[in-house]
Amino acid sequence: MPGSPAEIKLVNNAMSNATRRTIMNLLTEANRSKEDIGKAIGQSMLDYHLQLLRQAGLIAIKDEMLELTDFGKNMLESKAERPAGSRNDLLDVRPIEIAEVRQLIPCIADAAKYRVLAQVQPPLGATLKQMEPLFPRARYLENIGALTIQTGNIMITAYSTGKVIMTMITSDDEAKKILENFKKTINEAIEKGIKPVPREKLKVDHAEIYKYLPKTNCHNCGEQSCYSFAIRLVGKETTLDKCTPLLETKYAINLEHLRVLMEYL
Ligand code: SF4
């Protein structure tokens, strides 16, 4: 049982992170393999999170399975230390509404499709990060404070400010349906607690990157074409800022979307 200031600090640090609290929650239901935990919350920094929980004495590995220690169980039973992701953590969060759909403009990636900008109210702020386990193909990007969700060809980027961008939308009805599903999933979590779903890997390749480049083959980036720039980006042989046309206002959403995609490379 931790008692020294250093040990208490380890526990507080371990429990201060939503992903680690979600892992603790998963282990209250059953002992799980590392692979199972990875499927539920994603592989990103999984070893790091598990290491911090083990160092704090909250979880242990037995027969290659992860389990809560007695101290970990007591911690979760303690009302003061109830993990985020449980219903109580969301008691102060109000259900969201789709306040407005601000723009419906052609997608540069595919002129037959649209980019949609919407706003949800109230903004989810830091709580947005806790919503990552609700979607099979989702990832929270710390550096831009956004949750990205992939569903088929469509990429949804939801920001902590309430702004939501969707790309490759075919119609008003499709945009409305996706926004309603997004709202329903979030609001059910607010009402009933966060129940992680099995995770799927989100893949990004050069063809996906190319869709959002200006496709003018202007050579400003030093490449023969936008396509070769996309290939070199995926190979990490160049950087997005080399494509200066992306700074033009008309490509603002493309740039925003590409910055998200770059996080997956
Ligand atoms: S600078 Fe941008 S638009 Fe011009 S060729 Fe390179 S990738 Fe294409």
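Residue positions are given per chain, counted from 1 along the sequence in the order it is written. The model is predicted, so local features are restricted to residues of pLDDT at least 70 and side-chain atom pairs to those at 80 or more, both for listing and for counting; the totals for chains, interfaces and linings are taken over all residues. Values reported for side chains reflect all heavy atoms of the structure, with hydrogen atoms and water molecules removed beforehand.

### Considerations on the site of the ligand
Throughout, the term near means that a residue has one or more heavy atoms lying within 4 Å of the molecule or strand in question. Around the ligand, the neighbouring residues are Pro214, Thr216, Asn217, Cys218, His219, Asn220, Cys221, Cys226, Phe229, Cys243 and Pro245. Ten residues, namely Ala, Val, Leu, Ile, Met, Phe, Trp, Tyr, Cys and Pro, are considered nonpolar, four, namely Asp, Glu, Lys and Arg, are considered charged, and the remaining ones, Gly among them, are considered polar. Of the residues contributing to the shell around the ligand, the split by class is seven nonpolar, four polar and no charged.

### Re the pattern of salt bridges
Salt bridge criterion: a side-chain nitrogen from Lys or Arg within 4 Å of a carboxyl oxygen from Asp or Glu. Per the stated rule, a full pass over the model turns up ten salt bridges. In this structure, the salt-bridge partner of arginine 232 is glutamate 223, at a minimum N-O distance of 2.6 Å. Residue arginine 232 is classed as partly exposed on the basis of its relative accessible area of 30%. With a closest N to O distance of 3.0 Å, glutamate 237 and arginine 232 form a salt bridge. Among the ionic contacts, a cluster of salt bridges with common partners joins Glu97, Glu180 and Lys183. Burial classes: relative accessible area under 20% of the type maximum marks a residue as buried, over 50% as exposed, and values in between as partly exposed (1.4 Å probe, protein chains only).

### A closer look at helix 8 (residues 226–234)
Strands are runs of DSSP state E lasting at least two residues, helices are runs of H or I lasting at least four, and both sets are numbered from the N terminus onward. Within helix 8 the residues assigned to the buried category are Cys226, Phe229, Ala230 and Leu233. On an axial view of helix 8, the arc spanned by its buried residues comes to 100 degrees, and they lie on one face. Whether two residues are in contact is decided by their heavy atoms, any of which lying within 4.5 Å being enough. Lining the buried residues of helix 8 we find helix 7 (206–211) and helix 9 (252–262). Think of it as the arc spanned by the lines of direction from the helix axis to the C-beta atoms.

### Describing the pairing of strand 6 (residues 146–151)
Across a regular strand the side chains alternate sides, sitting on one face of the sheet and then on the other. Judged by how many residues are buried, strand 6 sits mostly within the fold: five of six residues are covered. Sheet topology note: the strand 5 (residues 138–141)/strand 6 ladder contains four bridges and is antiparallel. Paired with leucine 141 across the strands is alanine 146, a residue of strand 6. Paired strands, as defined in this entry, are two strands with at least two bridges between them according to DSSP. Linking two consecutive strands that pair antiparallel, namely strand 5 and strand 6, is a turn of four residues; a positive phi of about 60 degrees is found at glycine 145 within it. Bridging between strand 6 and strand 7 (residues 154–159) involves six bridges; their strand directions are antiparallel. Following the sheet pairing, threonine 148 is matched in strand 7 by threonine 157. What sits between the antiparallel neighbours strand 6 and strand 7 is a turn of two residues, in which glycine 152 has the positive phi angle 60 degrees.

### Structural notes on helix 4 (residues 46–55)
Taken as a whole, helix 4 has its buried residues at Leu46, His49, Leu50, Leu52 and Leu53. Across the axial projection of helix 4, the buried residues extend over an arc of 160 degrees, all falling on one side. Phi turns positive one or two residues past the end of helix 4, at glycine 57, with a value near 80 degrees.

### A few points about the domain arrangement of the chain
Segmentation of the chain into domains returns domain 1 (5–84), domain 2 (97–192) and domain 3 (206–262). In this entry, domain limits derive from an automatic or database-based domain assignment. A straight line from the C-alpha centre of domain 1 to that of domain 2 covers 29 Å. If you look at the interface, domain 1 gives six residues, while domain 2 gives four residues. Defined here as a combined quantity, buried area equals the accessible surface (1.4 Å probe) lost by two parts on assembly, summed across both. In this assembly, domain 1 packs against domain 2 so that about 400 Å² is buried in total across both faces, 51% of it on carbon and sulfur atoms. Inspection of the region where domain 1 meets domain 2 yields zero salt bridges. Elements with a contribution of two residues or more to the side of domain 1 that touches domain 2: helix 2 (18–29) and helix 3 (34–41). Residues of the side of domain 1 that touches domain 2, tallied by class, amount to four nonpolar, two polar and no charged.

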